Every structure is written in structure tokens, then in C-alpha cells.
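Working through the structure, step by step
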Amino acid sequence: MTDAKKLQGDKLSEADAIERAKQGDAEAFQLLYSLHKRRVYSLCLRMTANTAEAEDLTQEAFLQLFRKIATFRGESAFSTWLHRMAVNVVLMQLRKKSLPVVPLDETLESEEEAPKKELGAPDPVLAGSIDRLRLQRAVDALPPGYRRIFVLHDVEGYEHNEIAAMVGCSIGNSKSQLHKARMKLRESLKTSRAEKATKPW
Amino acid sequence: MNCTEFQEILPEVFEAGRTAEQAAHLKSCPRCSGLLADLDLIAREARQLQELAEPSPRVWNSIEIELRREGVIHELPGGPVMAPRARGWNLGAWLAPVAALALVAFAIGVYQRGWLSPQSAPQLTATAPAQISNPQPAKSQPANNEDQQLLAAVASRSPAMRAQYASNLQNVNAYIRDAEESAQADPNDEEAQQIVMDAYEQRAAVYEMALDRSLP
């Protein structure tokens, strides 16, 4: 049983925890953290591909949330509120690092980086299965601009109009970057599958 | 419609669905249908990455310390006590556990001079690793005895706090065991050695806080 479930089962529901956290109750804060830490940390890790940075961003996201928890009125789901805050923290951090958030249209791709287009060549497919670890590694290896849009859309489930507003790009840019990211992932997954197949063991 | 035309509008096919012409092309072209199936598979599998990883326990410790410092968390009777987080490991960071142990020693001195109830003045110290590069002794050494003495001292002053400290000691001892196992698995892993020291630092901090709160 996870810590969160234990806490929840023995003591508080999330709604109770939110109310108690507003009063400054440490246990309530810890429950809320336990319930959402994996999702927030995974988001930060996918976006940055760096564990130390992801931990710092997770910490910052929760701190911002807890400082503002008294203003939470329950109009939206708590998890939606938290995850949006986490996304904003990560995007802010990435902007500080001067990574190219926008303009995405002008994202320069070398011939090596761009997904290969071999329209006449045979094109083996992924055969309906993807190893999760290989997918994770392939996502981590994406260029930051592609990775950001892919994580927000395909992993976190945001719509293109939401991503465009959060990242500060056009909806068309978001769609285009997502498509390129998926194409690049496909290439990289096929490559790693081929390498695995050629290993003697 | 040929493959080039189809692949140019592929992002829209995903978003808006396919027209009759596009559907006809997909039906007749295994290459494009294979590509579409792959991209769809990637999009579906990506959701599995949503909660794959877990942050280290130190993240919560840092959050709690900061919230307490800012007054967002109020000190409540019987509230949880968390060990402070030791972020990273730099040249001077080794001083922290030493300082914590020195404080513990000081507190013990105060304790033994009778500032606390004299009938419960056990020798209390947070066991630290004798040698970072060889953490086995601490692993094989049961910490229960000194922990029990500490808990007895806490209970004598503040019975309501005993359960919290028992839980904290249990957590920090588990952290030490995990850290030592990692360090033993690869004795050349400097990061693992540092984590062992971090773990002992947290244990020393629990002792420090326990004794601090036990003092009049």
C-alpha cells in the first residue's frame, strides 16, 4: 500500500486534507504531496530529462501550490490546479534557461535531427508494441522543443489550444512540433529495436 | 492521393479525422497505414509515462522545512517531525552531520547534568558511520537500543510526541539501510557513499530535534 493510500485510508480524504492544509496542518500537506508527487515529478522529469532539476522543480511546484492553497475554492479539480501550476513552473524554468520555447516554426533542424522521410523505401513498423523503458529513453533523447510539446500533449493530455497558450506559440506550431516529435520517436524506437534484434544474446 | 500528399497532411488526419480520399489511400497503402498505426501507438503508450517516477524522500523534507520557515505550516502539538534535507554534497557539507552530532553530544551533556529528569538519563547518541567507505558496521549494528532510549526520553517529557519520533526513526533507519545496500553494491560509487552520509545526517538531526524538544 502506498503512503498516500495509507494516509487516505486511515485519516483524511483529499477534500478534508485541502481544508486542513488551509489551516496549516502539516499532515494534510504531506497527504496532498503523497497523492500527487509521482504525477508532478514525472512531468518535471519528462520535461527536463534531468533528475536533480526535476526534484527542484517538483519542490518549487508544491511550494507554490501550498503557499496559495488558501485561495483554492474548488471550482476546478485540485489535481488540475496543481498540474497546471507544475507545468507553469517547468516552463518558466525552461525559459530562464533560454531554451527555445518559441518560435517553434523557426526551430532549426539539422538533416540528422529531422525525422527521416524515405517515401519510397521499405518502412518496418513497430509491430504493435513498445517497450516502456525504451519509449522513456527515446522521449528523454528528443530535442527540448519537441519533448516539451510531446509531453504536454501525449503524456499529460493537454489540448493544442491549451499548449499554445501555456507555451506561447500558435496552435499550428503545437501540432507541427507534436507530429515531428512522434516521427522522431518512431525512428528512434525502430532503431533501438533493430539494434536489440542484432545483439547475439 | 499519393504517399507524399498523405504524409504532408498527417498531423491534421490525427486531429480532425480522415476524409474518404485519405481513408481510401490508407486502405491501399500498407506503408502509410503502418506509419499511422505506429504514431497512434506512440501517442497511446505515452500515457503510460505519466506516473513512472517517484521523487526522493528528501523533496518532501525540503518542502516541509520551507513551509515551516515561512509559517505556512503551523507548529501543532504532536505534529510530525521531519529531518532536514541535505541537498547535494559539497566540500563543506560533511560538516553538517558532524555539527549535528556535536549538538547531540552537547544535549546529552545537558541531559546528564540533571536538567532533565535524572531517572531517565541514558547515553544517547545518533550512531554515525565510522568510515564512509565501509558502511557495513552500522548496518549490522542494531540501532533499536539507542532509539528506544531516545524514545523513552521523549516520552518522559512529551508522551504525545513519542509516536511521531518512532515513525521518523523507523523511516530514517530504513533510509540508512537502503543507502548502505546501494553503497555496498558498488563501493566505488561516490554518490552512493554520499547518500549514506546524508542518511546518517538525517538520523543525527532526528536525535538533535528530539533532544532539543526534550530540554526544558
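As the structure is a computational prediction, the values presented were derived from the model and not from experiment.

Rules and cut-offs
Residues numbered from 1 in each chain as written. Chains lettered and ligands numbered in written order. Predicted model: local features only at pLDDT ≥ 70, side-chain atom pairs only at ≥ 80, totals over all residues. pLDDT = per-residue confidence, 0-100. Helix = DSSP H or I, 4+ residues; strand = E, 2+ residues; numbered from the N terminus. Contact = placed C-beta atoms within 7 Å. Core = buried A, V, L, I, M, F, W, Y, C linked by C-beta atoms within 7 Å. Buried ≥ 20, exposed ≤ 12 C-beta atoms within 10 Å, placed from the backbone. Axes fitted to C-alpha atoms, helices over the stretch in contact; angles between N-to-C directions. Parallel < 35°, antiparallel > 145°, perpendicular 65-115°, else oblique. Left-handed = near helix turned anticlockwise from the far one by under 90°. Nonpolar A, V, L, I, M, F, W, Y, C, P; charged D, E, K, R; others polar. Expected span 1.5 Å × (residues − 1).

What follows deals with the confidence of the model for chain B. Residues and elements named next belong to chain B. Of all residues in chain B, 65% attain a pLDDT of 70 or more, and the chain-wide mean is 70. Of all secondary-structure elements in chain B, the lowest mean pLDDT belongs to helix 7 (residues 136-140), at 42, while helix 4 (residues 30-46) reaches the highest, 89. Here residues 113-123 is modelled with pLDDT under 50, and outside its nearest four sequence neighbours on either side it reaches 16 contacts, counting other chains as well. The complex prediction reports pTM at 0.58, with the ipTM value standing at 0.75.

Residues F29, C44, A86 and V90 of chain A are the most contacted members of the largest nonpolar core, which totals 63 residues. Per-element accounting of this core gives the leading share, 13 residues, to helix 3 (residues 26-48) of chain A. The residues contacting C44 of chain A, other than those within four sequence positions of it, are A54, L57, T58, A86 and V90 of chain A. The next biggest cluster of nonpolar side chains, apart from the first, holds 22 residues, and it includes A153, Y165, I176 and A183 of chain B.

All names here are of chain A. Contact pair helix 7 (residues 144-155) / helix 8 (residues 160-167): the axes reach a minimum separation of 10 Å and the direction vectors enclose 135°. If you check the angle between helix 7 and helix 8, you find them oblique. For the crossing formed where helix 7 meets helix 8, the hand is right-handed. For the pair formed by helix 7 and helix 8, the contact residues are R148, I149, L152 and H153 on the first element and H160, I163 and V167 on the second. For the contact of helix 7 with helix 8, the residue count by class is four nonpolar, two polar and one charged.

In this section: helix 9 (residues 162-185) of chain B. Residue pairs spaced three or four apart in an α-helix point in one direction, given the helix's 3.6 residues per turn. Between its terminal C-alpha atoms helix 9 of chain B stretches 35 Å, which fits the 34 Å expected from 24 residues at 1.5 Å a residue. Along helix 9 of chain B, the residues classified as buried are Y165, N168, L169, V172, Y175, I176, A179, E180 and A183 of chain B.

This part covers the interface of chain B and chain A. Contacts between the two partners involve 39 residues from chain B, matched on the other side by 39 residues from chain A. Of all elements in the fold, only helix 1 (3-8), helix 2 (10-16), helix 4 and helix 5 (57-70) of chain B reach the threshold of two or more residues within the side of chain B that touches chain A. Counting residues per element, the side of chain B that touches chain A draws most heavily on helix 4 of chain B, which supplies eleven residues. A breakdown of the residues in the side of chain B that touches chain A according to their chemical character gives 22 nonpolar, eight polar and nine charged.

Before going further, it helps to examine unusual backbone geometry. Residue and element names in this part refer to chain A. In this model, A49 sits at a positive phi of 55°, which is unusual for a non-glycine residue. Looking at the element boundaries, A49 is found in the loop between helix 3 and helix 4 (51-67). C-beta crowding within 10 Å serves as the criterion here: with 17 such atoms nearby, A49 is assigned to the partly exposed category.

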